[in-house]
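One-letter residues, chain by chain:
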Amino acid sequence: MSKLFNLSFILLLVVTMAQAQPVPGTDENIPNLMTFGADAETSWGDAHFCQIIFFTVPKSQTAPIYIKVFDPDCGGENDEIQGEWDTQTSFSLYGGKGSCSNEDAKKINLDGDYDEGTLLASKTFGDDTQYDMKWYTFGPINPSEGEYIEEEGGFVFKLIIEGVSGDDGNMYRLFMSDNAQDEKEVEGGYAFYFKYTIRLHDDPKEMSHIYPYINDSSIVSIKQTNFDWDSDGWIVVRSVATAGKFMKISKDDEWISSLYTIVPEEYNTSLDIQMKKHPSGSIRNNNVIIYFENQYGELLKSYSVPIGGVPKYKGNPEAEEIE
Ligand SMILES: [Ca+2]
Ligand SMILES: [Ca+2]
Ligand SMILES: [Ca+2]
C-alpha cells in the first residue's frame, strides 16, 4: 500500500468517524450482535460460536479508553433461550504485538493463532441478572496497550467473543468509550470486523446495512457468503457504480455465496450491502452470518460506519433500479 494511499485513507477515516464506536454502528441499523453457546444447533443461525471485533484508537489519543458491552449475560431480556439458560459467553480483550496483525485473527473461524497477543482483560458471563440489559465495562485501558498498526493510524484492540458452552443465543452490543460511566466516543476512533454474526430486525420496514471497504486496486471481484438467512427477503449491493444488484441469500442452516464484480470507480469506496426483510415479516428472530472475500480468498474489512460516507450511485439516475 502506498504512503499516499495511507494518508488519504486516514483522512477519510478522520472525517467520517462520527458515531463510529457503537457496534453495530448507527448507519448499520442492526439490532444486535449474536453469539450462541458452542453446544447449539447451527440451524439457530451461528456456525462458529465466535465473533471478533477490532477497535482502533487514533495515535493522538493518550487518555485511557473503555470497551463496554451491553447485555453481556445470556438470560433474561434480549437473549434467545433453548430449554433452560445454560450458556457461558467469554469476552476477551487483546492488545500488543500480533494481536491484530495475525492473519488467523482475520479468518472466519477460531483456528490457529487467532488469540495471539497480550490478554488485557477477560470475563465470562452466564445467566447473570446483574448484567441483564446493562453495560459491563472493560478498562481503563491505555491506548498504547493496543497493537500499533500504521495502516489504521493508531493502536488496535481485538475483542474475541466466544460461546464457551451451552446452547442459547447471547445478544449484545459494544461501544468504545472515553469514560467508564457512559457511552462517549473516543475522538477519531472506529471499529471494524471481517465477519458478522447478527440478529436481523423483526420489523420488515427496517433496513440493515454492512459497509465493506474496497481498499485495493487489485480487487477484481468479491464473493459474499451468508449462512442461515432463512430465505428472508433480499440482500442488495449498492455503490458509486451500481444502482442495485441482488446477492444470493441462504435457506435454513445453509451456506450460500455469490460474486460481485468490482469496477475501478469502486476503489477506495465503501459498498452499501442492504439487507431487507420480506414484507410479510413472517421470519422472526433471524440470526445470520455474513462475510466478504476478495478474489484471493482474503476477508474484506467492514467498518461500523462507511469509510467516505454511504456510497451514492453516480450513474444515470434513470438507471437507478435493481438489476
Ligand atoms: Ca439452554
Ligand atoms: Ca445478552
Ligand atoms: Ca437464521
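Structure first, text after, so check above.
Keep in mind that what you see is a predicted model, and the values were worked out from it rather than measured.

A tally of regular secondary structure across the protein gives one helix and 22 strands. In terms of overall dimensions, the protein has a C-alpha envelope of 55 × 50 × 35 Å along the principal axes. Going through the 323 residues of the protein one by one, you find that 46% of them count as buried. Residue pairs in contact within the protein that sit at least 24 positions apart in sequence constitute 81% of those at least 6 positions apart.

Note that strand β16 (residues 234–238) and strand β20 (residues 272–276) share five bridges and pair antiparallel. Paired with V236 across the strands is Q274, a residue of β20. Here three bridges tie β16 to strand β17 (residues 245–247), and the two strands are oriented antiparallel to one another. By the bridge assignment, I235 is partnered in β17 with M247.

Turning next to the nonpolar core. I53, F54, F55, I67, F157, L159 and A191 are the most contacted members of the largest nonpolar core, which totals 70 residues. Excluding anything up to four places from it in sequence, I53 contacts V23, L159, L174, A191 and Y193.

Time to look at the sheet that holds β16. Reading across from one edge, β13-β20-β16-β17 is the order of the four strands in this open sheet, with antiparallel pairing throughout. Each having just a single partner strand, β13 (207–210) and β17 make up the two edges of the open sheet. Direction aside, neighbouring strands of the sheet carry axes that sit 35° apart on average.

Next up on the list: unusual backbone geometry. For the peptide bond that leads from V23 to P24, omega is 0°, which places it in the cis range. By the element assignment, P24 lies in the loop between β1 (22–23) and β2 (32–36). In this structure, P140 follows G139 across a cis peptide bond, with omega equal to 10°. Of note, P140 is situated in strand β7 (residues 135–141). Notably, S231 is not glycine yet its phi reads approximately 50°, a positive angle. Structurally, S231 can be placed in the loop between β15 (221–227) and β16. One non-glycine residue with positive phi stands out, namely D253, at about 55°. The topology assignment puts D253 in the loop between β17 and β18 (255–261).

Let's shift gears to the environment of Y136. With respect to the secondary-structure elements, Y136 resides in strand β7. Its 18 C-beta neighbours within 10 Å are what place Y136 among the partly exposed residues. Considering only alpha carbons, one finds Y136 and P72, 64 residues apart in sequence, at a separation of 7.0 Å. Discounting chain neighbours no more than four positions away, the residues touching Y136 are K68, V69, P72, K123 and Y131.

Moving on, we come to the pairing of strand β10 (residues 169–177). Burial runs high along β10: eight of the nine residues are buried. Examined bridge by bridge, β1 and β10 share two bridges and lie antiparallel to one another. Bridged to V23 within β10 is L174. Bridge count between β2 and β10: four bridges; the pairing is antiparallel. Residue F36 lies in a different strand from β10, and its bridge partner there is G169. Sheet topology note: the strand β4 (residues 65–70)/β10 ladder contains five bridges and is antiparallel. Residue pairing across strands places V69 opposite L174, the latter belonging to β10.

Here we take up the environment of V237. With respect to the helices and strands, the residue V237 is situated in strand β16. Looking at V237, the number of C-beta atoms within 10 Å reads 22, which means it is buried. For the pair V237 and D86, spaced 151 residues apart in sequence, the C-alpha separation works out to 38 Å. If we ignore the near neighbours within four places in the chain, the residues touching V237 are T242, K245, M247, Y260, L271 and I273.

The next subject is the environment of K106. Structurally, the position occupied by K106 is in the loop between β5 (88–95) and β6 (118–125). Judged by C-beta crowding, with 18 C-beta atoms within 10 Å, K106 ranks as partly exposed. On a C-alpha basis, the gap between K106 and K245 in space is 27 Å, while along the polypeptide they are 139 residues apart. Residues contacting K106, with those up to four places away along its chain left out, are F194 and L299.

Definitions and limits used
Residues numbered from 1 in each chain as written. Chains lettered and ligands numbered in written order. Predicted model: local features only at pLDDT ≥ 70, side-chain atom pairs only at ≥ 80, totals over all residues. Helix = DSSP H or I, 4+ residues; strand = E, 2+ residues; numbered from the N terminus. Buried ≥ 20, exposed ≤ 12 C-beta atoms within 10 Å, placed from the backbone. Contact = placed C-beta atoms within 7 Å. Pairing = 2+ DSSP bridges. Core = buried A, V, L, I, M, F, W, Y, C linked by C-beta atoms within 7 Å. Axes fitted to C-alpha atoms, helices over the stretch in contact; angles between N-to-C directions.

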